[in-house]
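If you want the building blocks of each chain, they are given just below.
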Amino acid sequence: MKKLIIYILLLSQTAFLSCSKWLDIQPESDIDRDLLFSTEEGFKEALLGIYTRSAKADLYGKELTVGTPEILAQNYRIKPLEHDKHLATKNYKYDDADFMQHRDAIWLGLYNGIVNANLILEQIDRQQRLFIGDNYRIIKGEALALRGYLHFDALRLFAPAPLVNPEATAIPYVTSYSNKTTAMSKVTEVLDSVIDDLEHAKELLADDPIRKSAYIIGYPNADTLANTELHNPSLFLQNRRHRLNYYAVCGALARIYLYKGDKMNAMVNARIVIDAKKFPWTNKTDFLAVDNDKKDRIFYKELLFGWYIPAMNNQYNRDWFPENTNYMYLEVDDTQSIYETSGPGATDIRFSQWFIGLNSNEVAVQKYRRNPLGDTFIANRHYLMAPGIRLSEIYYIAAECTYESDPIRALAYLDEVREQRAIDTKVQAASLEQFQTELLKEYRKELYGEGQLFYAYKRLNRAIIGLQGETIPASQTVFVWPLPDDEIIYGQR
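Now for a look at the structure at hand. Source: prediction; values computed, not measured.

Conventions adopted
Note on numbering: residues in each chain are counted from 1, in written sequence order. At least 70 in pLDDT is required for a residue's local features to be given in this predicted model, at least 80 for side-chain atom pairs to be given and counted, and no such filter applies to totals for whole chains, interfaces and linings, which use all residues. Based on all heavy atoms of the structure, the side-chain values leave hydrogens and waters out of the count. The helix and strand labels rest on DSSP assignments: H or I over at least four residues marks a helix, E over at least two residues marks a strand, and numbering proceeds from the N terminus. Three exposure classes are used, based on accessible area relative to the maximum for each residue type with a 1.4 Å probe and protein chains only: buried under 20%, partly exposed in between, and exposed over 50%. To qualify as a nonpolar core, a set must consist of buried Ala, Val, Leu, Ile, Met, Phe, Trp, Tyr and Cys residues joined through side-chain atoms within 4.5 Å. We call two residues in contact whenever any of their non-hydrogen atoms come within 4.5 Å of each other. In this analysis, rings of Phe, Tyr and Trp, with Trp reduced to its six-membered ring, are considered paired at centre separations within 6.5 Å, and the interplanar angle assigns stacked below 30 degrees, edge-to-face beyond 60, and tilted for intermediate values. Cation placement over rings: the criterion is NZ of Lys or CZ of Arg within 6 Å of the ring centroid and within 35° of the ring normal.

1. A look at unusual backbone geometry
Turning to step 1, where the next piece is worked out: In this structure, Asn239 takes a positive phi of about 50° despite not being glycine.
Turning to step 2, where the next piece is worked out: Looking at the secondary structure, you find Asn239 in the loop between helix H7 (187-204) and helix H8 (246-260).
Turning to step 3, where the next piece is worked out: Even without being a glycine, Asn461 presents a positive backbone phi close to 55°.
Turning to step 4, where the next piece is worked out: Along the chain, Asn461 falls in the loop between helix H17 (453-460) and strand S11 (464-465).
Turning to step 5, where the next piece is worked out: The exposure class assigned to Asn461 is partly exposed, which follows from its relative accessible area of 31%.

2. Examining the nonpolar core
Turning to step 1, where the next piece is worked out: With 158 residues, the main nonpolar core has Ile120, Leu155, Ile171, Trp307, Ile397, Phe435 and Phe454 as its most contacted residues.
Turning to step 2, where the next piece is worked out: Top contributing element to this core by residue count: helix H6 (residues 135-158), with 14 residues.
Turning to step 3, where the next piece is worked out: The contacts of Ile171, once residues within four sequence positions are left out, are Trp107, Tyr111, His151, Ala154, Leu155, Phe158, Met184, Ser185 and Val190.

3. Re the packing of aromatic side chains
To describe a pair of aromatic rings, one takes the distance between the centres and the angle between the planes.
Turning to step 1, where the next piece is worked out: The final tally for this structure, using the stated rule, is 40 aromatic pairs.
Turning to step 2, where the next piece is worked out: Taking the centre distance of 6.2 Å and the plane angle of 25° together, the rings of Tyr219 and Tyr300 count as stacked. In this pair, Tyr219 sits in the loop between H7 and H8 while Tyr300 sits in the loop between helix H10 (284-287) and strand S6 (303-308), placing the two residues 81 residues apart along the sequence.
Turning to step 3, where the next piece is worked out: Judged by centre distance (6.1 Å) and plane angle (80°), the rings of Phe287 and Trp354 are edge-to-face. Of this pair, Phe287 sits in helix H10 while Trp354 sits in the loop between helix H13 (349-353) and strand S8 (355-357), and the two are 67 residues apart along the sequence.
Turning to step 4, where the next piece is worked out: For Phe287, a relative accessible area of 1% puts it in the buried group.
Turning to step 5, where the next piece is worked out: Feature note: the residues Tyr76, Trp320, Phe321, Tyr327, Tyr339, Phe351, Phe355 and Tyr448 constitute an aromatic cluster, connected by ring pairs.
Turning to step 6, where the next piece is worked out: The positively charged end of Arg241 is found above the aromatic ring belonging to Tyr300, 4.5 Å away from the centroid.
Turning to step 7, where the next piece is worked out: Above the ring of Trp354, the side-chain terminus of Lys367 is found at 4.0 Å from the ring centroid.

Dropping the structure here:
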């Protein structure tokens, strides 16, 4: 790798909501690295640069949120246009040239973030004297968390789930900034390394400002009593949910421990989030509001962590989910099936708010729609965000960790989320298989367009259910992406 490119985020009065510029750093030159990491501001810029890069369209800005994993989970219909690049992906044709182009970009993007996290971690301990307050621990903790988070998603895409083959060769877990090749690790080895990084991050973030009682989660345009997320005098410490904060790390650990099959530790971390009572359920009047500036489309206050993506508005709502059927869309029967509107889901507020009719038979997704369309800042009650981890997923994790020992309690976790979405009917499940079926239904309803359902099917090794109930059998040819060519894996491009 001859050149490392880091995004630099220019801090403004809105903190992490501003423009960016490029800075080229020559790894061969100690002078350039010394210059970047000679001040606390340089470390901040390098860290924020990883978030900015990861929020681009080829990663969490689009592809890993509303893109490829959602297509693989059969959550969209796709119009067969002349030059469509996603129909092959929907059919799991992983040797298709367009799919491989997306795959390679995802791999390179994830490892770009990992390399930049390693560059920070390589320098930060020797420069600890530069930092004021708790910034050393915040920056180091977030760099470790990013390294683990990005590796974990690479693992979920490119290796078997541990339930199927924990000893399979997986991906390289890269922990140093070097031109040397990193050997491939097994699935279990990668998971252990991810957990080590995130547990260390959790320790470092123990005094995160978000844990203070004075930190009140709210909407950006709320009054000062309802939201203190912008009150910290340090711009760097505002909007903690736009970065991997303490609770986001706990949520990520709950997700990762569950993927590993360690339900005890998954539950420990899930309970930290739930018991903190930091993240309020969304008021239905906010979700159902008619006035644009009063509407919350994504349950914003329930996000533990999300990627800030104002520049993606047009790609989401004019290109990906347009108000016509030229790309990703659904039919009316699809949405009715997903949300079970002929039964318990008749009152589900997600069904009524996340889809808009195009004609008598077809609907468009409007979960991420801005009002008015084209606004890139605050047109609703919140910023345009790509959800990373949300409170409802933590409840689903707690339910799964609990079912075998206390099924009544497990179903109560699912019912709590359903109640918040205006569903009064209780979930019924008399066996583990039935519970998993109901759980996957809830994942699809709640996390639609967020990129998590495919991983849930994979983790449980369950058949993927299509929009009208058709099944795609669980198979490693479906769940495991082929690795890129060696020159891409080892950074020679």
